[in-house]
Amino acid sequence: MDSRYNSQQTEDEIYTLWEKADAFNPDSVKKLRQENDNKQDSSTGEQFSIILPPPNANDPLHVGHAMYTIEDVLVRYHRMLGDDTLWLPGTDHAGIETQFVFEKKLKKEGKSRFNFDRSTLYQMIWDYVQENSSVATDQMKKLGFSLDWSRFKFTLDKDIVDNVVETFQLLYKDGLIYRDLKLVNYCTRCGTSYSELEVNHEDKIDPLYTIQYGPLQVSTVRPETIFGDVAVAINPNDDRYKQYIGKMIEVEFPWGNKTMPVIADNYVDPKFGTGAVKVTPYHDQNDFQMWETHKSEISEVPVPVINTSGKIYNAPKKYNGLGVINARAAVLEDYEAYKDSQGRSLLISIDKKYSHSVGVCYRCAKPIEPLPLPQLFIKVADSSNPKNKKSNLVKRALESLDSGETKIHGAGREKVLRHWLKNLKDWNISRQIVWGIPIPVWYKINDNEDKIIVSFVDKNKVYQTGKLSKWLETTSLKEIKQNIQSISADISVPYSVSVEDPKLTTTTEKDVSDYIQETDTFDTWFSSSQWPVATLKTNKKGDFERFYSTSVMETGYDILPIWVMRMMLLGNYLTGKTPFKNVYLHGLIRDEKGKKMSKSKGNVINPLEVKEEFGADALRMALVIRSTPGQDKSVGKPDFKAARNLTNKIWNAARFTTLMIENPHETSVLKNAPGDAEYFVKLNSIISEISKHLSDLKLGLAAEVIYNEFWHWYCDICIEDAKQGKISLEVLKVGLVTFLKMLHPFMPFVTESIWQELLKKNIVSEKLLIVSDWPTQVS
RNA sequence: GAACUUGUAGCUCAGUUGGUUAGAGCGCUUCGUUGACAUCGAAGAGGUCAGAGGUUCGAGUCCUCUCAAGUUCACCA
């Protein structure tokens, strides 16, 4: 053995050794363990399973992914204990993320998604993802993760897709799906709507304009939405304006006059601005709410004035087609120039330092546009049918927390989760992108041709959009369907939920369908939220019964609401059982100074680079040692270096112990030295301590204890004592074997590599450390 | 406005149901190549555990308040 441990030389070789033995597959581990030392079956009969949070299929790993180490430590520990252990890998299609990246690529080539019909675009993205799909999985192997690759799943695998669609149908049957025209959070750059969880809020300073509004004055930061106004609102207790309540007022605009009612609503804060608010139902959430409650007082039917491209429409001609920012400028310019009949300006004042918070796209940071779109929603807290316990998704999830069926590990995160669950709004699951699972909803065409807007690429590869009725005059339905980009059906159009065209199943006529399919796809998180159920149901027969509920879900606390919570909603709904008994939420990885990592700061750690320089074991140990769930963790070069030094220490301790056993000196005692009994007492207490910490999911502590005991007890004291014959070489060997086993989950490569050396020298008998027995009390 | 988290050695952090002289890594000082490891060993300096009060035989650990930092949510015409 060399005097130094060389991680580069051994790691790949060791991983191959495990893979060849099929040591990650629970179906072969039992046999492997028996063969390992020709022993009795030492299975515990317990089951232990973790579903890997699927990384994006087309992205390389970042440090956050290296935290999968936590899962690997648990899995390796339980495998050695003799539990029936599964760690199931997969990757995610990451709908919006991936399409966004792909569109960037198209843009570079001078193209856009509007050049392609849906199926062509889908195929292009598919190919693109396939090209990159092995990046993430290869990297996971480099870090030593003992994932059962034979059970690998991709979120767009056909069986997974079928499963997700089936869930949707179930939800629909249970009355938990509805289609409604609501204001959704729409990003006009990404071209899709988002759920409330995907909107970030940023503080911004924008001018606040106060304008004359009939006899009242109102303040707004968004004058461009003024075309969509249908009323003015004041607080019911505001004495200044009481006389106007319920009255119609005449409002003068630079482009003409309009009469509208004054409504009274408690939402209006009399102390803010002038105490009067213009009501634009289709472009502001609060206005929408006010409109809904005061519908009977407002005769005018609101119209949207901003479209999904962020352009003005349904406005006076000169403004139509302008982008939001340009429209704002144009409106202001006109206000500045305009004088009313008495020569006064309608623009009263401008507060240039007005600070407010603006919802922005989590993906591209562009301000979110609240737009009225018909979308599909999941009722998260349906109480209309108390008999059907399943139907209140939120309640079920809360119950599983109350009963302890689901335990949350992570400083204070359970409270956060409960808060989320209690305040959760219905979940918008429609996304206007191609890269995802198509929604199995079909709209009836007959009698609704005027209510369905279609966009498609025509014969000449030109993007066309308009009412279906208009296009059917010149183009066949078949052709439109083949080249479809998107459709938008009015909320009044009847629809069926079906995988196949509902008409085709009942008619003998070919291609004379009376239905057209929704072009929206599911929110990626809708499929992700079924991941523990779907991966096990679509895998080897019996896997679901064998491994569900899973033992641990380990992920970052940042996706607690967006993912973990939703898995609880749907997992419980689908199976009546929690998808995971424990949720382990790791903290964010920060740099050595405790600063957040970001590309602009240049302090991002690439796990693969760390692996190259210090070895995978060092990376793993540095991340796990002294980590606590829910708490952020700082790591930097000194930490990797310290952990790398540990690999070398282990290597040398093994080397030297072997040397002593093979060439005992005169001072050595082979067996029964005076200190042996006391030594065993200590060793036993270490074994119990480490085992307890690992069973309790206290990995940071387990790692720290084993580090200290190995280095400062075994190496510094025991080896020195053995040199002087205070303890025997026999027990020193037992100690080495025990420590290698306990270190293995954390540092699998160096320990297995030493083990193979010891095997050659007949110092150990079990053939593979990875499937060896976890140490029990020695005597 | 609210909730949550954090405050322990120069730095980054552990501290397991309250229980001897409060720990680690890095850094620092002084020694040291005697059968492995200098990616090492030995010895050592360094902490009124943010502050104040309380519960207790006993508090870094539990409770209350104060101060500070961070995160998230809500509102924003």
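Provided above is the structure to which this section pertains.
The following paragraphs examine the structure supplied in this document.

Basis of the calculations
Residues numbered from 1 in each chain as written. Chains lettered and ligands numbered in written order. Predicted model: local features only at pLDDT ≥ 70, side-chain atom pairs only at ≥ 80, totals over all residues. Heavy atoms only, no water. Helix = DSSP H or I, 4+ residues; strand = E, 2+ residues; numbered from the N terminus. Buried < 20%, exposed > 50% of the residue type's maximum accessible area, 1.4 Å probe, protein only. Areas by Shrake-Rupley, 256 points an atom, 1.4 Å probe, with all protein chains shown as cover. Lys, Arg positive; Asp, Glu negative; His and termini not counted. Charge placed at Lys NZ, Arg CZ, Asp CG, Glu CD. Phe/Tyr/Trp six-rings, centres within 6.5 Å; stacked < 30°, edge-to-face > 60°. Lys NZ or Arg CZ within 6 Å of the ring centre and 35° of its normal. Pairing = 2+ DSSP bridges. Axes fitted to C-alpha atoms, helices over the stretch in contact; angles between N-to-C directions. Near = heavy atom within 4 Å. Polar contact = N/O pair within 3.5 Å; in protein donor to acceptor, adjacent residues only side chain to side chain. Nonpolar A, V, L, I, M, F, W, Y, C, P; charged D, E, K, R; others polar. Core = buried A, V, L, I, M, F, W, Y, C linked by side-chain atoms within 4.5 Å. Contact = heavy atoms within 4.5 Å. Parallel < 35°, antiparallel > 145°, perpendicular 65-115°, else oblique. Left-handed = near helix turned anticlockwise from the far one by under 90°. 1 Å grid on protein atoms, 1.4 Å probe; cavity = no way out; pocket = protein on both sides within 12 Å on 5 of 7 lines; lining within 4 Å. Points joined across faces, edges and corners; volume = space filled by probe spheres on them. Expected span 1.5 Å × (residues − 1). Disulfide = S-S within 2.5 Å.

Another aspect to go through is the overall build of chain A. Counting its regular elements, chain A contains 24 helices and 28 strands. In terms of overall dimensions, chain A has C-alpha extents of about 115 × 65 × 55 Å along its principal axes. Per-residue burial for chain A yields a buried fraction of 56% across its 779 residues. If you sum the accessible surface of chain A, you get close to 33900 Å²; carbon and sulfur atoms cover 49% of it. In chain A, 99 positive and 104 negative side-chain charges are present, and the distance between their average locations comes to 1 Å.

Right, let's get into the packing of aromatic side chains. Here the structure, examined in full by the defined rule, presents 42 aromatic pairs. Their ring planes at 90° and their centres at 5.5 Å tell us that Y194 and Y362 sit as a pair that is edge-to-face. With Y194 in strand β6 (residues 192-194) and Y362 in the loop between β13 (347-361) and β14 (369-378), this pair connects stretches of sequence that are 168 residues apart. For Y194, a relative accessible area of 1% translates into the label buried. In this structure Y362 comes out as partly exposed when scored by relative accessible area, which is 30%. Seen in terms of ring centroids, F253 and W255 are 5.4 Å apart; in terms of plane orientation they differ by 5°. Their pairing is stacked. Here F253 falls in the buried class, since its relative accessible area comes to 4%. Three or more aromatic residues joined by ring pairs form one cluster here, namely Y213, F227, F253, W255, Y319 and Y335. When the ring centre of W149 is taken as origin, the NZ or CZ atom of K141, which lies over that ring, is 5.1 Å away.

What follows covers the sheet that holds strand β18 (residues 441-444). With respect to topology, three strands assemble into an open sheet ordered β22-β18-β23, the strand pairing being antiparallel. The sheet terminates laterally at β22 (495-497) and β23 (515-517), the two strands that pair on one side only. Neighbouring strand axes in the sheet, compared pairwise and without regard to direction, differ in orientation by 30° on average. Where β18 lies against β22, three bridges are found, and the strand directions are antiparallel. Bridged to W442 within β22 is S496.

On to the pairing of strand β10 (residues 248-253), then. Residues I249, V251 and F253 point to one face of β10 and are all buried, whereas M248, E250 and E252, pointing to the other face, are not buried. Where β10 meets strand β11 (residues 256-264), six bridges bridge the pair, whose relative direction is antiparallel. Counterpart to F253 in the pairing with β11 is G256. Between the end of β10 and the start of β11, which pair antiparallel, lie two residues.

Below, the discussion takes up the protein's contact with RNA strand B. In the region of RNA strand B, 54 residues are neighbours, and S219, N286, Y354, S357 and W711 sit closest. In the interface set of RNA strand B, defined as its atoms within 4 Å of the protein, sugar plus phosphate atoms amount to 63%. Here a sugar or linking oxygen of RNA strand B sits 2.3 Å away from a polar atom, N or O, in the side chain of Y354. Between RNA strand B and the protein, one listed contact pairs a sugar or linking oxygen with a side-chain N or O atom of R655 at 2.3 Å. Within the surface near RNA strand B, the residues separate by chemical class into 20 nonpolar, 21 polar and 13 charged.

A few words on the nonpolar core. In a soluble, globular protein the nonpolar side chains are often hidden away together inside. Core analysis: the largest hydrophobic core is formed by 100 residues, its most contacted members being M621, Y714 and F739. Considering each element in turn, this core owes the most residues, 14 residues, to helix α22 (residues 699-723). With residues up to four places along the chain from it excluded, the contact list for M621 reads A643, L646, A703, I706, Y707, F746 and M747.

Now for unusual backbone geometry. Here the residue pair Y548 and S549 is connected by a cis peptide bond, since its omega of -5° sits within 30 degrees of zero. Relative to the elements of secondary structure, S549 occurs in the loop between α16 (543-547) and β25 (550-556). Although it is not a glycine, N672 adopts a positive phi angle of roughly 50°. Note that N672 resides in the loop between α20 (637-662) and α21 (676-695). Residue N672 is classed as exposed on the basis of its relative accessible area, which comes to 71%. Of note, L697 is a non-glycine position whose phi angle comes to about 65°, a positive value. With respect to the helices, strands and loops of the structure, L697 is situated in the loop between α21 and α22.

Following both chains from N to C, one finds α22 and helix α23 (residues 729-743) inclined at 165°, their axes separated by 11 Å at the closest point. When the interaxial angle is binned, α22 and α23 end up roughly antiparallel. The handedness of the crossing between α22 and α23 comes out as left-handed. Contacts from I706, E709, F710, W713, Y714, C718, I719 and A722 in α22 reach L729, L732, G735, L736, F739, M742 and L743 in α23. Taken together, the residues of the contact of α22 with α23 break down into 13 nonpolar, one polar and one charged.

Between helix α19 (residues 616-624) and helix α24 (residues 748-760), the least distance of the axes is 7 Å, while the angle of their chain directions is 130°. By the criterion of interaxial angle, the relationship of α19 to α24 is oblique. In this structure, α19 contributes A616, D617 and R620 to the contact, and α24 contributes P748, F749 and V750. Class assignment of the residues belonging to the contact of α19 with α24 gives a composition of four nonpolar, no polar and two charged.

Attention now goes to empty space enclosed by the protein. Tallied over the entire structure, the rule returns two cavities of 30 Å³ or more. Its boundaries defined by the atoms lining it, the largest cavity holds a volume of some 60 Å³. Contributing to the lining of the largest cavity are S195, E196, L197, V380, L424, K425, D426, W427, M565, R566 and L569. Take the lining of the largest cavity: its biggest share by element is three residues, from helix α17 (residues 560-575). Taken together, the residues of the lining of the largest cavity break down into six nonpolar, one polar and four charged. Taken as a whole, the second largest cavity encloses approximately 40 Å³ of empty space. In terms of lining residues, the second largest cavity is bounded by M67, I70, Y584, H586, G587, S627, T628, P629, Q631 and K633. Taken together, the residues of the lining of the second largest cavity break down into four nonpolar, five polar and one charged.

All right, on to helix α1 (residues 7-21) then. In an α-helix there are 3.6 residues to a turn, and that puts residues three or four apart on one side. Between its first and last C-alpha atoms α1 spans 21 Å; for 15 residues at 1.5 Å apiece the expected length is 21 Å, and the two agree. Along its buried surface, α1 packs onto α4 (68-81), α6 (118-142), α18 (607-614), α19 and α24. One side-chain oxygen of the residue at the start of α1 lies 3.0 Å from the amide nitrogen of Q8, identifying that residue as N6.

Further remarks concern the state of the cysteines. A full pass over the atoms with the stated rule returns zero disulfides. C187 takes part in no disulfide bond, and the closest cysteine sulfur to it belongs to C364, at a distance of 3.5 Å. No disulfide involves C190; its sulfur sits 3.7 Å from the nearest other cysteine sulfur, which is in C187. Judged by its relative accessible area of 8%, C190 is buried.

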